[in-house]
Amino acid sequence: MTNAQEPTAYAQRLAAVREMIAATCKACGRDPSSVSLLAVSKTFPIAAVDAVAAADQRAFGENYAQEGVEKATTRPDLAWHFIGPIQSNKTRGIAERFSWVHSIDRLKIAERLSAQRPVNLPPLQVCVQVNIDGEATKSGCAPSEALALCQAIAALPQLQLRGLMAIPEPTSDTSTQRRNFAALRILRDTINDADASLNLDTLSMGMSDDLESAIIEGTTIVRVGSAIFGPRTYTNTSATEL
Ligand SMILES: *Cc1c(COP(=O)(O)O)cnc(C)c1O
């Protein structure tokens, strides 16, 4: 079976990622507690989530609505962050089971999430996804649209706007990585300067292969999948496993 791994393998990789975050923070003079680690469990079975949670990891990220809602329903004690593209017919489960959504790039989705968020739960914590490097095929609003979208989202009752998220095109060139992450940080600062009531405190940026650059450029949440869970095969989702 794919990805039937020893629980200790997850714990060891998680420990290595935590050490790398701490070492990078130290090298660039940041407090390690200012960088949160989101463990991206997409495509991995709930047993893998259980193993990583047993090593004291509380926040998990998912990309696919059905798979994510299933896992969040199985482990409601954990904090679930939705980080993938959102179709409007999939918002309800996300609004009911997740505590964060990083990937809002249009108002219609934000309005549905707000309307469907149960009033007995805390507001859904959300980020606006920005297409920071102008990659043509990707999701995310244009940087020039981000301020207006943030202002519209901030007015929605059951959402709490926290900041910006980006997924720059992967590159091994660290100066390009840093330029893209710096652009998101500068956009966040520009938005806060333009409208102080928004008070954006979150930058969701950095994955397994570029998290050091993201830390140097001010990330507050790194989204790390393969460095914790191992390589993804895309054949081991809970849906296709059956
Ligand atoms: C899959 C994914 C990640 C994690 O990617 P890794 O390279 O495995 O760390 C982070 N963010 C988003 C939005 C993803 O889809």
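Residues numbered from 1 in each chain as written. Predicted model: local features only at pLDDT ≥ 70, side-chain atom pairs only at ≥ 80, totals over all residues. Heavy atoms only, no water.

Bringing the side chain of Gln-57 into the picture now. For Gln-57, the location among the structural elements is in the loop between α2 (46–54) and β2 (59–62). The exposure class of Gln-57 is buried, given its relative accessible area of 5%. Among the polar contacts listed, one links the side chain of Gln-57 to the backbone oxygen of Leu-37, at a separation of 2.8 Å. A distance of 2.9 Å separates a polar atom in the side chain of Gln-57 from the backbone oxygen of Ala-59. Leaving out residues up to four positions away in the same chain, Gln-57 has contacts with Leu-14, Arg-18, Leu-37, Leu-38, Ala-39, Val-52 and Leu-78. (Helix = DSSP H or I, 4+ residues; strand = E, 2+ residues; numbered from the N terminus. Buried < 20%, exposed > 50% of the residue type's maximum accessible area, 1.4 Å probe, protein only. Polar contact = N/O pair within 3.5 Å; in protein donor to acceptor, adjacent residues only side chain to side chain. Contact = heavy atoms within 4.5 Å.)

With that settled, consider the confidence of the model for the protein. Taken as a whole, the protein shows an average pLDDT of 94; of its residues, 94% reach a score of 70 or greater. Taken together, the stretch residues 238–242 has pLDDT below 50 and engages in five contacts with residues farther than four places along the chain or on a different chain. (pLDDT = per-residue confidence, 0-100.)

This part covers the site of the ligand. Around the ligand sit 13 residues in total, of which Lys-42, Ser-208, Gly-225, Ser-226 and Arg-232 are the nearest. Arg-223 places a polar side-chain atom, nitrogen or oxygen, 2.8 Å from a nitrogen atom of the ligand. One nitrogen or oxygen atom from the main chain of Gly-225 is found 2.8 Å from an oxygen atom belonging to the ligand. When the ligand sits alone it has 390 Å² of accessible area, and the protein chains cover 92% of it. (Near = heavy atom within 4 Å. Areas by Shrake-Rupley, 256 points an atom, 1.4 Å probe, with all protein chains shown as cover.)

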